[in-house]
Amino acid sequence: MYAATATISVAIEKLKKFPGSMDDPLLIEAQSELVIARNLLESRWITWNSIYWRRSNAATKRSIRAKLDGLAFDALAGVTNAGRLLNRYISTVGILDENAPLWSEIIHCLHNAYRWISDSYYYDCLCKQLKLSIAIGSN
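Residues numbered from 1 in each chain as written. Predicted model: local features only at pLDDT ≥ 70, side-chain atom pairs only at ≥ 80, totals over all residues. Heavy atoms only, no water.

J.: Now, about the overall build of the chain: what can you tell me, with residues and values included?
T.: Scanning the chain for helices and strands turns up five helices and zero strands. Secondary structure elements of the chain, listed N to C terminal, follow the sequence α-α-α-α-α. The buried share among the 139 residues of the chain stands at 38%. A total of about 8,400 Å² of accessible surface is found on the chain, and carbon and sulfur atoms cover 57% of it. (Helix = DSSP H or I, 4+ residues; strand = E, 2+ residues; numbered from the N terminus. Buried < 20%, exposed > 50% of the residue type's maximum accessible area, 1.4 Å probe, protein only. Areas by Shrake-Rupley, 256 points an atom, 1.4 Å probe, with all protein chains shown as cover.)

Put into C-alpha coordinates, the structure is as follows:
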(Lines give C-alpha, C1' and ligand atoms only; values in the text may rest on other atoms or scores of the structure.)
Protein backbone atom coordinates (compact mmCIF):
# COMPACT_ATOMS: atom_id res chain seq x y z
CA MET A 1 0.00 0.00 0.00
CA TYR A 2 2.72 2.44 0.95
CA ALA A 3 4.75 1.90 -2.22
CA ALA A 4 1.76 2.32 -4.53
CA THR A 5 0.47 5.38 -2.69
CA ALA A 6 3.91 6.96 -2.67
CA THR A 7 4.57 6.37 -6.34
CA ILE A 8 1.15 7.74 -7.29
CA SER A 9 1.94 10.85 -5.22
CA VAL A 10 5.26 11.22 -7.04
CA ALA A 11 3.50 10.86 -10.40
CA ILE A 12 1.02 13.58 -9.39
CA GLU A 13 3.82 15.96 -8.39
CA LYS A 14 5.76 15.29 -11.60
CA LEU A 15 2.61 15.76 -13.66
CA LYS A 16 2.10 19.16 -12.01
CA LYS A 17 5.61 20.15 -13.16
CA PHE A 18 4.92 19.06 -16.74
CA PRO A 19 4.47 22.05 -19.10
CA GLY A 20 0.85 22.66 -19.94
CA SER A 21 -0.46 20.44 -17.16
CA MET A 22 -2.84 23.13 -15.95
CA ASP A 23 -4.13 23.93 -19.44
CA ASP A 24 -4.67 20.62 -21.21
CA PRO A 25 -7.89 18.79 -20.30
CA LEU A 26 -6.30 15.35 -20.78
CA LEU A 27 -3.52 16.13 -18.32
CA ILE A 28 -5.96 17.65 -15.84
CA GLU A 29 -8.20 14.59 -16.04
CA ALA A 30 -5.22 12.22 -15.69
CA GLN A 31 -4.08 14.10 -12.61
CA SER A 32 -7.61 13.88 -11.20
CA GLU A 33 -7.68 10.11 -11.80
CA LEU A 34 -4.39 9.74 -9.94
CA VAL A 35 -5.59 11.81 -6.99
CA ILE A 36 -8.70 9.65 -6.76
CA ALA A 37 -6.61 6.45 -6.97
CA ARG A 38 -4.34 7.68 -4.18
CA ASN A 39 -7.32 8.58 -2.01
CA LEU A 40 -8.89 5.17 -2.63
CA LEU A 41 -5.71 3.41 -1.50
CA GLU A 42 -5.59 5.54 1.63
CA SER A 43 -9.26 4.75 2.30
CA ARG A 44 -8.51 1.07 1.85
CA TRP A 45 -5.78 1.26 4.47
CA ILE A 46 -8.08 3.08 6.92
CA THR A 47 -10.90 0.60 6.29
CA TRP A 48 -8.59 -2.39 6.76
CA ASN A 49 -7.54 -1.06 10.14
CA SER A 50 -11.04 -0.03 11.19
CA ILE A 51 -12.10 -3.40 12.61
CA TYR A 52 -10.72 -6.12 14.83
CA TRP A 53 -10.45 -9.00 12.38
CA ARG A 54 -10.22 -11.76 14.96
CA ARG A 55 -13.17 -10.55 17.03
CA SER A 56 -15.55 -9.55 14.26
CA ASN A 57 -18.37 -11.77 13.12
CA ALA A 58 -18.53 -13.28 9.64
CA ALA A 59 -21.07 -10.79 8.30
CA THR A 60 -18.90 -7.82 9.26
CA LYS A 61 -15.83 -9.42 7.73
CA ARG A 62 -17.73 -10.15 4.51
CA SER A 63 -19.01 -6.59 4.15
CA ILE A 64 -15.61 -5.04 4.91
CA ARG A 65 -13.95 -7.48 2.51
CA ALA A 66 -16.36 -6.47 -0.26
CA LYS A 67 -15.58 -2.81 0.39
CA LEU A 68 -11.83 -3.53 0.31
CA ASP A 69 -12.20 -5.40 -2.98
CA GLY A 70 -13.97 -2.42 -4.51
CA LEU A 71 -11.44 0.12 -3.27
CA ALA A 72 -8.46 -1.83 -4.62
CA PHE A 73 -10.14 -2.47 -7.96
CA ASP A 74 -11.16 1.16 -8.36
CA ALA A 75 -7.66 2.38 -7.49
CA LEU A 76 -6.18 0.07 -10.12
CA ALA A 77 -8.78 1.27 -12.62
CA GLY A 78 -7.84 4.88 -11.83
CA VAL A 79 -4.18 4.25 -12.55
CA THR A 80 -5.11 2.48 -15.78
CA ASN A 81 -7.42 5.33 -16.84
CA ALA A 82 -4.68 7.87 -16.12
CA GLY A 83 -2.31 5.88 -18.31
CA ARG A 84 -4.85 5.83 -21.14
CA LEU A 85 -5.37 9.58 -20.86
CA LEU A 86 -1.63 10.21 -20.95
CA ASN A 87 -1.30 7.97 -24.01
CA ARG A 88 -4.05 9.97 -25.72
CA TYR A 89 -2.23 13.19 -24.82
CA ILE A 90 1.00 11.94 -26.37
CA SER A 91 -0.70 10.71 -29.52
CA THR A 92 -2.51 14.02 -30.07
CA VAL A 93 -0.02 16.62 -28.82
CA GLY A 94 3.33 14.88 -28.89
CA ILE A 95 6.28 15.64 -26.65
CA LEU A 96 9.29 17.90 -26.95
CA ASP A 97 12.77 16.53 -26.40
CA GLU A 98 13.39 18.71 -23.32
CA ASN A 99 10.27 17.25 -21.65
CA ALA A 100 11.08 13.62 -22.47
CA PRO A 101 12.94 12.83 -19.20
CA LEU A 102 10.11 14.18 -17.05
CA TRP A 103 7.56 12.31 -19.16
CA SER A 104 9.58 9.12 -18.81
CA GLU A 105 9.59 9.51 -15.02
CA ILE A 106 5.79 9.98 -14.96
CA ILE A 107 5.24 6.84 -17.05
CA HIS A 108 7.71 4.90 -14.90
CA CYS A 109 5.79 5.93 -11.76
CA LEU A 110 2.50 4.82 -13.29
CA HIS A 111 4.00 1.50 -14.33
CA ASN A 112 5.30 0.89 -10.81
CA ALA A 113 1.99 1.91 -9.22
CA TYR A 114 0.10 -0.49 -11.48
CA ARG A 115 2.54 -3.30 -10.72
CA TRP A 116 2.46 -2.74 -6.95
CA ILE A 117 -1.32 -2.51 -6.77
CA SER A 118 -1.66 -5.59 -8.97
CA ASP A 119 0.78 -7.56 -6.83
CA SER A 120 -0.44 -6.38 -3.44
CA TYR A 121 -4.16 -6.59 -4.10
CA TYR A 122 -4.33 -9.24 -6.82
CA TYR A 123 -7.11 -11.27 -5.21
CA ASP A 124 -9.08 -8.17 -4.23
CA CYS A 125 -9.08 -6.90 -7.80
CA LEU A 126 -9.80 -10.38 -9.16
CA CYS A 127 -12.77 -10.86 -6.82
CA LYS A 128 -14.25 -7.51 -7.82
CA GLN A 129 -13.66 -8.25 -11.50
CA LEU A 130 -15.33 -11.65 -11.21
CA LYS A 131 -18.32 -10.11 -9.46
CA LEU A 132 -18.61 -7.53 -12.24
CA SER A 133 -18.34 -10.20 -14.94
CA ILE A 134 -21.04 -12.32 -13.30
CA ALA A 135 -23.33 -9.31 -12.92
CA ILE A 136 -22.83 -8.25 -16.54
CA GLY A 137 -23.24 -11.81 -17.83
CA SER A 138 -26.52 -12.32 -16.01
CA ASN A 139 -28.27 -9.44 -17.82
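What follows picks up the thread again.
J.: Please give an account of the packing of aromatic side chains that cites residues and values.
T.: Counted under the stated rule, the structure contains four aromatic pairs. Both rings, one in Phe18 and one in Tyr89, keep their centres 6.1 Å apart while their planes meet at 80 degrees; by these two values the pair is edge-to-face. Pair noted here: Phe18 is in the loop between helix 1 (2-17) and helix 2 (25-48) and Tyr89 is in helix 3 (residues 58-93), with a separation of 71 residues, a long-range link. The exposure classification of Phe18 matches that of Tyr89, with both residues buried. (Phe/Tyr/Trp six-rings, centres within 6.5 Å; stacked < 30°, edge-to-face > 60°.)

J.: Tell me about the packing of helix 3 against helix 4 (residues 100-120), and please be specific about residues and values.
T.: Contact geometry for helix 3 and helix 4: axes closest at 10 Å, N-to-C directions at 155 degrees. By the angle class used here, helix 3 and helix 4 are roughly antiparallel. The two elements helix 3 and helix 4 cross, and the hand of that crossing is left-handed. Contact residues: helix 3 offers Ala72, Ala75, Leu76, Val79, Thr80, Gly83, Leu86, Tyr89 and Ile90, while helix 4 offers Trp103, Ile106, Ile107, Leu110, Ala113, Tyr114, Ile117 and Ser118. Considered class by class, the residues forming the contact of helix 3 with helix 4 number 14 nonpolar, three polar and no charged. (Axes fitted to C-alpha atoms, helices over the stretch in contact; angles between N-to-C directions. Parallel < 35°, antiparallel > 145°, perpendicular 65-115°, else oblique. Left-handed = near helix turned anticlockwise from the far one by under 90°. Contact = heavy atoms within 4.5 Å. Nonpolar A, V, L, I, M, F, W, Y, C, P; charged D, E, K, R; others polar.)

J.: Explain the pattern of salt bridges to me, and be specific about the residues and the numbers.
T.: Taken as a whole and judged by the stated rule, the model has two salt bridges. Close ionic contact of Lys16 with Glu13 constitutes a salt bridge, the shortest N to O distance being 3.5 Å. Placement of the pair is Lys16 and Glu13 together in helix 1, with a separation of three residues, close to one helical turn. On the basis of relative accessible area, Glu13 is assigned to the partly exposed category, the value being 40%. (Salt bridge = Lys/Arg side-chain N within 4 Å of Asp/Glu carboxyl O.)

J.: Talk me through the environment of Arg115; I want residue IDs and the actual numbers.
T.: In this structure, Arg115 sits in helix 4. Judged by its relative accessible area of 36%, Arg115 falls in the partly exposed class.

J.: Let's hear about the environment of Trp116: which residues, and what values?
T.: Tracing the chain through its elements places Trp116 in helix 4. For the pair Trp116 and Thr5, spaced 111 residues apart in the sequence, the C-alpha separation amounts to 9.4 Å. If we skip the residues at most four places from it in the chain, Trp116 touches Ala3, Ala4 and Thr7.

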